[in-house]
Amino acid sequence: MTDIEQRGSLSAALAQTARLLAVSPAKAEEQAREILKVVPHQVEALLLLAEARNEQGDADDALANLKQAARFHSNHAHVWRALGDQYSLAGDATAADDAYARHLKASAHDPVLIEAASALCQNDLAKSERILRPFLHEHPTDVGAIRMLAETGARLGHYDESETLLARCVELAPGFDAARFNYATILHRQSKATEALAQTDVLLKRDPKNAGYRNLEAAVLARLGETDRAIASYEKVLKSYPQQPKGWMSYGHTLKTAGRQNEAIAAYRKSIAQLPSLGEAYWSLANLKTFRFKAEEIAAMRAQLARADIENEDRFHLEFALAKAQEDAGDYEESFAHYVCANTLRRKKLNYDANESSDTAARMKALFTPEFLLARRGFGSAAPDPIFIVGLPRSGSTLIEQILSSHSQVEGTMELPDLMAIARKLGGRKKKREASAYPEALSPLSGEALKTLGEEYLAGTRIQRKTARPFFVDKMPNNFMHVGLIHLILPNAKIIDARRHPMACCFSNFKQHFARGQGFTYDLTDIGRYYRDYADVMAHFDSVLPGRVRRVLYEDMVANPQSEVRRLLGYCGLPFEEGCLRFYENARMVRTASSEQVRMPIFTDAVAHWQNFEPWLGPLRDALGPIVASYPDLV
């Protein structure tokens, strides 16, 4: 047989395999393997084999086939794209980013873009940016270059610019699905869930079986509070692709939000069974707070920590989980040692600067003087809808939210990012090292401009409101830094300061690993300073806006729930309802670490639990200073 005849026969065989894939993945696999016997490492056959294995639910084997294809066809763009999709499916974002970068390099034909893509593959982001910006100045519609610069920006954390570039990319090339997927991902990372969902809808209409698109859709739905739809989406993708340890873990998170604890535990354990080193799954079990590890699970965590080859992220999650297990067992000294190790590992990956928080607090106090506030009386939107709960995480804010959302006129939502997004926009900072113009940027704004900002907040949060109740709760704790902003743009909104004993609150934060943000929580001194900044800011607003903020002390709430609930409702202008005392019967979705605790009646055990660790908390006490002795009197 001539070469031409062989090529014709191979093309026919590959075409037949592709047709079989749609009706019988097992037969397609068999055909692909036959082709590979005759033509070892044939790239299209390897790609088809990987797809067939995926269709049969074996993601690990599909990944192995794609790795083989990449090894023998390192310049094949489709191979790297497929490998990136497979890593995304497995939840390995770092490997996926690397594969997508190599896809960009393999797709590029211009020598300049090849050089930029090579720099991106080596994570030399400065070089990639230096090459791409002048290239795009000369070739502003080159969608490959636009996508590459967007990827560079995303790795640098310049999400706003990356979003703008990718929006332009899909505008120029609506069929460029790889760029659209990047666009949806960037929108999701910035909590722009509605916009992200619109992009995943487009992608899934074109490729409804794409597991990466389906996983992203589920994550976006979960952020939007569409928990039932998110669960259904995860179940659909896991049915087709069951070998997804991180997929099972995300499914567990959503089940937890829905209050389906036993199913969440089963999902977390399934993810561990598939990937025993997955520290985040162990931490997810510990983070249920009411869960207790079995002896064999503790032994398994110790075995994973004894390995030298696990990722840093898995290690600190395992340390947090093991610390919680030892705390539950009453071994506080070993528990604290694990908490210290976990926080030290986590802190190394952050660039948190405690001075920045203190500087922001000082600038808030300098701007929001009685004269400044008096001159703006009556400004902003008159809408009374929002009830803000501010303070520190782990201060009892979820308990307050659950009580309020058990009232017939109040809807609980989540920790909404919208107010912080407005503050960021006013700040105008493009890069972390740049100075922010906020809060001083509020000074020149007219009454109409402040009203517009209030209406912008209400419009942005509308998607989170699922009922017709007139009031809703926004419990983003960090909004304590934006009390002045709230007062200017929403003067009729209620503001509740959830406060807990500084040692108890700060140590509870030290024990907690947060999925994102809260960089101050991974060092005892940082936490102490942050609490002091918080108390300082709130004391200032007590002075310049007396009575504007209602303070609720956690210890009072658990000691005298009936009288405290009545006072809380009175501040909110709401009539007393018995259901608020039976908040634990409320079946609403709860998306914080306290989700299981607020589904039980109030208990007082946690009030002084920090004292079990007091021998090792000297740095925290020193950082807090006189606040500890003066509590609950305010400073």
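Everything numeric in this text was worked out from a predicted model, so none of it was measured.

> How would you sum up the sheet that holds strand β3 (residues 471-474)? Please name residues and give values.
Taken together, the 5 strands give an open sheet; going across it, the order is β2-β3-β1-β4-β5, and neighbouring strands pair in parallel fashion. In this open sheet, the two strands that pair with only one neighbour each are β2 (410-414) and β5 (549-553). Between one strand and the next, the sheet's axes are offset by a mean angle of 25°, whatever the strand orientation. With 5 bridges joining them, strand β4 (residues 494-499) and β5 adopt parallel strand pairing. Its bridge partner lying in β5, D497 is registered against R551.

> Residues and numbers for the pairing of β2, please.
Counting buried positions along β2 gives 5 out of 5 residues, so the element sits mostly inside the fold. Alignment of β2 against β3, held across 4 bridges, turns out to be parallel. Within β3, the position partnered with G412 by the bridge is V473.

> Any details on the packing of aromatic side chains? Residues and values, ideally.
Within this structure, the stated rule accounts for 23 aromatic pairs. With a centroid separation of 5.2 Å and 75° between ring planes, the pair formed by F480 and Y534 is classed as edge-to-face. Of this pair, F480 sits in the loop between β3 and α26 (483-489) while Y534 sits in helix α28 (residues 524-544), placing them 54 residues apart in sequence. Summarising the burial analysis for this pair, F480 and Y534 share the class buried. Note on Y531 and Y534: the rings are 5.4 Å apart at their centroids and 85° apart in plane angle, and the pair reads as edge-to-face. Here the residue Y531 and the residue Y534 both occupy positions in helix α28, the gap between them amounting to 3 residues, near one helical turn. For the residue pair Y531 and Y534, the accessibility class agrees, reading buried in each case. Aromatic ring contacts, followed pair by pair, group Y332, F336, Y339, F507, F510, F613 and W616 into a single cluster.

Calculation rules
Residues numbered from 1 in each chain as written. Predicted model: local features only at pLDDT ≥ 70, side-chain atom pairs only at ≥ 80, totals over all residues. Heavy atoms only, no water. Pairing = 2+ DSSP bridges. Helix = DSSP H or I, 4+ residues; strand = E, 2+ residues; numbered from the N terminus. Axes fitted to C-alpha atoms, helices over the stretch in contact; angles between N-to-C directions. Buried < 20%, exposed > 50% of the residue type's maximum accessible area, 1.4 Å probe, protein only. Phe/Tyr/Trp six-rings, centres within 6.5 Å; stacked < 30°, edge-to-face > 60°.

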